[in-house]
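Each chain is listed here by its residues.
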Amino acid sequence: MPIFYHPSYSALDLPESHRFPIRKYALIYDYITKELAENFHFITPTKATIEQIVSVHDANYASQFINGTLDSRAIRKIGFPWSPTLVERTLYSIGASIQGAEIALTTKLACQISGGYHHSYPNFGSGFCIFNDLVIAARHLIDTSQCEKVVILDLDVHQGDGSAVCAEKFDDIVTISMHCQQNFPARKQHSDYDFALEKHTTTPDYLNALQQCFLTILIEQPDIVLYNAGADIFTLDELGYFDICLTGVKQRDSAVINFCQQHELPLFTVSGGGYQRDVMNLVKVHQQLYLSMTNG
């Protein structure tokens, strides 16, 4: 199946103490090429265009980020130091989500190793998210008449607050967020559907709640599902707060894939968040998504 990756995903030169596990993307790529190569066809994305980005984001914000003229406060809110490499990485990752979503309409299942920038708002970035790739991808599919309605299914442990705001003016983009109520962001936004679960939610309770997300998708009847498969629901995630075992992460991803296949819904997936200082252990959590795609 098609999978998008660009070497820039792990190319940022971040301080050793930086909270974001930038190495994970290259390590996921290495794992797939060594262990699951027969199941995936790698595609190198092209950069998203400014026209695609400003279909969702404020034009001044977009140009200031790309040109390196954002003020220091806005850069601190994003969480990455600005650099030309950050711009390149961002444009390739947004492009991968746009192109991957397009291909998924034909192949029925496609993915990219990065993506899931759900804390990005129309006119500012936050929480390591600069531009909102899944809302941009959804807007592109609809604006180019490739589909009429898109569901963004966000199962990262943190609410998709930016996605909720970016999509609120679009009736043809439906946002579903199932997240930890006590986690970041402190101030929640209003997705079309929010399923706020309590701290220390266990695997059985989580998987039961997931069924409500599926019922919501059936009600909305989209043409495609864009899925943020955050690895930070895992019990050992340092920014998580859920008690979901590794098997539970795989059960979640398998359930989403199987649901979409049973209902003939195209599915495009992104890796989303995940935070462990031991990046190899973090990669094992992200691996569950790709194992689910191969029924491994």
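Undergrad: So, empty space enclosed by the protein: which residues are in play, and what are the values?
TA: Empty space among the atoms becomes visible once a probe the size of a water molecule is rolled across them. Here the structure, examined in full by the defined rule, presents four cavities of 30 Å³ or more. In this structure, the largest cavity encloses a volume near 120 Å³. Lining the largest cavity are 16 residues, and of these G116, C129, G272, G273 and Y275 sit closest to its centre. The residue inventory of the lining of the largest cavity, partitioned by class, reads six nonpolar, eight polar and two charged. Approximately 40 Å³ is the volume attributed to the second largest cavity. For the second largest cavity, the full set of lining residues is F80, R89, T90, Y117, F128, C129 and I130. The residue inventory of the lining of the second largest cavity, partitioned by class, reads five nonpolar, one polar and one charged.

Undergrad: An account of the environment of I224 is requested, with residue identities and associated values reported.
TA: Counting through the fold element by element, I224 comes out in strand β7 (residues 224–228). Residues I224 and L105 lie 119 residues apart in sequence; the distance between their C-alpha atoms is 7.1 Å. With residues up to four places along the chain from it excluded, the contact list for I224 reads A101, A104, L105, L141, C147, K149, V150, V151, P266 and L267.

Undergrad: Give a detailed account of the pattern of salt bridges, specifying residues and quantitative values.
TA: Enumeration according to the criterion identifies five salt bridges in this entry. Close ionic contact of E238 with R19 constitutes a salt bridge, the shortest N to O distance being 2.6 Å. Of this pair, E238 sits in the loop between β7 and α9 (246–262) while R19 is found in the loop between β1 (2–4) and α1 (24–35), placing the two residues 219 residues apart along the sequence. Its salt-bridge partner being D253, residue R252 comes within 3.0 Å of it at the nearest N-O pair. Within this structure, R139, D143 and D172 form a network of salt bridges that share partners.

Undergrad: So, unusual backbone geometry: which residues are in play, and what are the values?
TA: For the peptide bond that leads from F184 to P185, omega is 0 degrees, which places it in the cis range. Its identity is not glycine, yet F128 carries a phi of approximately 70 degrees, on the positive side. Here F128 shows up in the loop between β3 (109–112) and α6 (133–143). With a phi close to 50 degrees, Q221 is a non-glycine residue in the positive phi region. For Q221, the location among the structural elements is in the loop between α8 (203–220) and β7.

Undergrad: Describe the sheet that holds strand β5 (residues 173–180), and please don't skip the residues or the numbers.
TA: Remark on secondary structure: sheet strands pair via backbone hydrogen bonds, oriented parallel or antiparallel. Sheet architecture is open: eight strands sit in the order β2-β1-β3-β8-β7-β4-β5-β6, paired in parallel fashion. Edge positions in the open sheet fall to β2 (41–43) and β6 (193–197), since each of these has one partner strand only. Direction aside, the axes of adjacent strands within the sheet are offset by 20 degrees on average. Here β3 pairs with strand β8 (residues 267–270) via three bridges, running parallel. Paired with C111 across the two strands is T269, which belongs to β8. Contacts from α8 reach β4 (150–154), β5, β6 and β7, with the element oriented near 170 degrees to β5. Its contacts with the sheet put α9 on β4, β7 and β8, and the angle it makes with β7 is roughly 175 degrees.

So, how was this worked out
Residues numbered from 1 in each chain as written. Predicted model: local features only at pLDDT ≥ 70, side-chain atom pairs only at ≥ 80, totals over all residues. Heavy atoms only, no water. 1 Å grid on protein atoms, 1.4 Å probe; cavity = no way out; pocket = protein on both sides within 12 Å on 5 of 7 lines; lining within 4 Å. Points joined across faces, edges and corners; volume = space filled by probe spheres on them. Nonpolar A, V, L, I, M, F, W, Y, C, P; charged D, E, K, R; others polar. Helix = DSSP H or I, 4+ residues; strand = E, 2+ residues; numbered from the N terminus. Contact = heavy atoms within 4.5 Å. Salt bridge = Lys/Arg side-chain N within 4 Å of Asp/Glu carboxyl O. Pairing = 2+ DSSP bridges. Axes fitted to C-alpha atoms, helices over the stretch in contact; angles between N-to-C directions.

By themselves, these observations are geometric and do not establish any function.
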